[in-house]
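# Tertiary structure, described
The primary structure of each chain is shown beneath.
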Amino acid sequence: MRIILLGAPGAGKGTVAKLLTDFDGSVQISTGDILRSEVRAGTDLGKEAKEYMDRGDLVPDAIIMKMMEGRLQEPDCRKGFILDGFPRTIQQAKNLGELLSRLQVRLDFVANLEVPREVVLDRLTTRRTCSNPACQEIYNIKTKPAPGGKCEKCGSPVVQRDDETEAAILHRLDTYTKKTAPLVDFYRKEGILRDFVSVSSAETVQAIKRELLG
Ligand code: AMP
């Protein structure tokens, strides 16, 4: 499959993407995960990105596009990809469109995950993430606690992300409304937007699979 997952922070993009990779071997590409790995590795890119991320601001488009141009041409993308958290601005969407036509790749559709604001807020404040960059399994202190604070998959400590303080969360939601929500209309006009109104990631995954099977 070749799809974009669009939705507010906390809408469940990461969880849905991980579940969908089992479907046909498509890879999950999360710009947030890539950026967090760069931050942890202390690379120049990571150092530059961290300031924006900690505030809940978007990393500049030029940095993201440079990163994604390379990533989308790696061999594991040939089977398909699930874009999680990218594009996030109209500029990124336009640049992605140009890149995909250059690579002669067509998207199946853009899945717009619509989740009520109170659900998103609750999820973000209770979310915990595996600290192992290669794993990043998602937990929730209410609905999916990590036994003993350790990841069930890899045993690494499960932590709260630096950008999941209340102030940063509110700022991320505001950034979403201003910069990313306009992509809904952008892709609707292109005729490739599909709405998935749900509060459960499992239901969304089933609905996306049905849409893919047509
Ligand atoms: P996420 O894990 O998708 O919520 O991303 C965490 C943070 O990484 C965001 O709040 C941004 O600072 C940054 N980020 C992730 N993806 C992008 C993107 N496509 N464009 C700009 N910044 C991004």
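In this text the structure is predicted, and so the values were computed from the model without any measurement. (Residues numbered from 1 in each chain as written. Predicted model: local features only at pLDDT ≥ 70, side-chain atom pairs only at ≥ 80, totals over all residues. Heavy atoms only, no water.)

### A word on the environment of F23
Among the structural elements, F23 can be located in helix α1 (residues 13-24). Judged by its relative accessible area of 32%, F23 is partly exposed. It is 20 Å that separates the C-alpha atoms of F23 and G85, two residues lying 62 residues apart in sequence. With residues near it in sequence (within four places) discarded, F23 still touches M1, K209, L212 and L213. (Helix = DSSP H or I, 4+ residues; strand = E, 2+ residues; numbered from the N terminus. Buried < 20%, exposed > 50% of the residue type's maximum accessible area, 1.4 Å probe, protein only. Contact = heavy atoms within 4.5 Å.)

### Some details on the packing of helix α6 (residues 117-126) against helix α7 (residues 166-180)
In contact at an axis separation of 10 Å, α6 and α7 are set at 140° when each is read in the N-to-C sense. Here α7 runs oblique to α6, going by the angle between their axes. The crossing of α6 and α7 is right-handed. In contact with R117, V120, L121, L124 and T125 of α6, α7 contributes I169, L170, R172 and L173. Looking at the contact of α6 with α7, its residues break down into 6 nonpolar, 1 polar and 2 charged. (Axes fitted to C-alpha atoms, helices over the stretch in contact; angles between N-to-C directions. Parallel < 35°, antiparallel > 145°, perpendicular 65-115°, else oblique. Left-handed = near helix turned anticlockwise from the far one by under 90°. Nonpolar A, V, L, I, M, F, W, Y, C, P; charged D, E, K, R; others polar.)

### Focus on unusual backbone geometry
A negative phi angle characterises most non-glycine residues, just as the trans form characterises most peptide bonds. Backbone torsion omega between F86 and P87 reads -5°, so that peptide bond is classified as cis. With respect to the secondary-structure elements, P87 resides in the loop between β3 (81-84) and α5 (90-102). One non-glycine residue, Q104, lies in positive phi territory at about 55°. Here Q104 lies in the loop between α5 and β4 (109-114). For Q136, which is not glycine, the phi torsion reads 55° and is therefore positive. In this structure, Q136 sits in the loop between β5 (127-130) and β6 (138-140).

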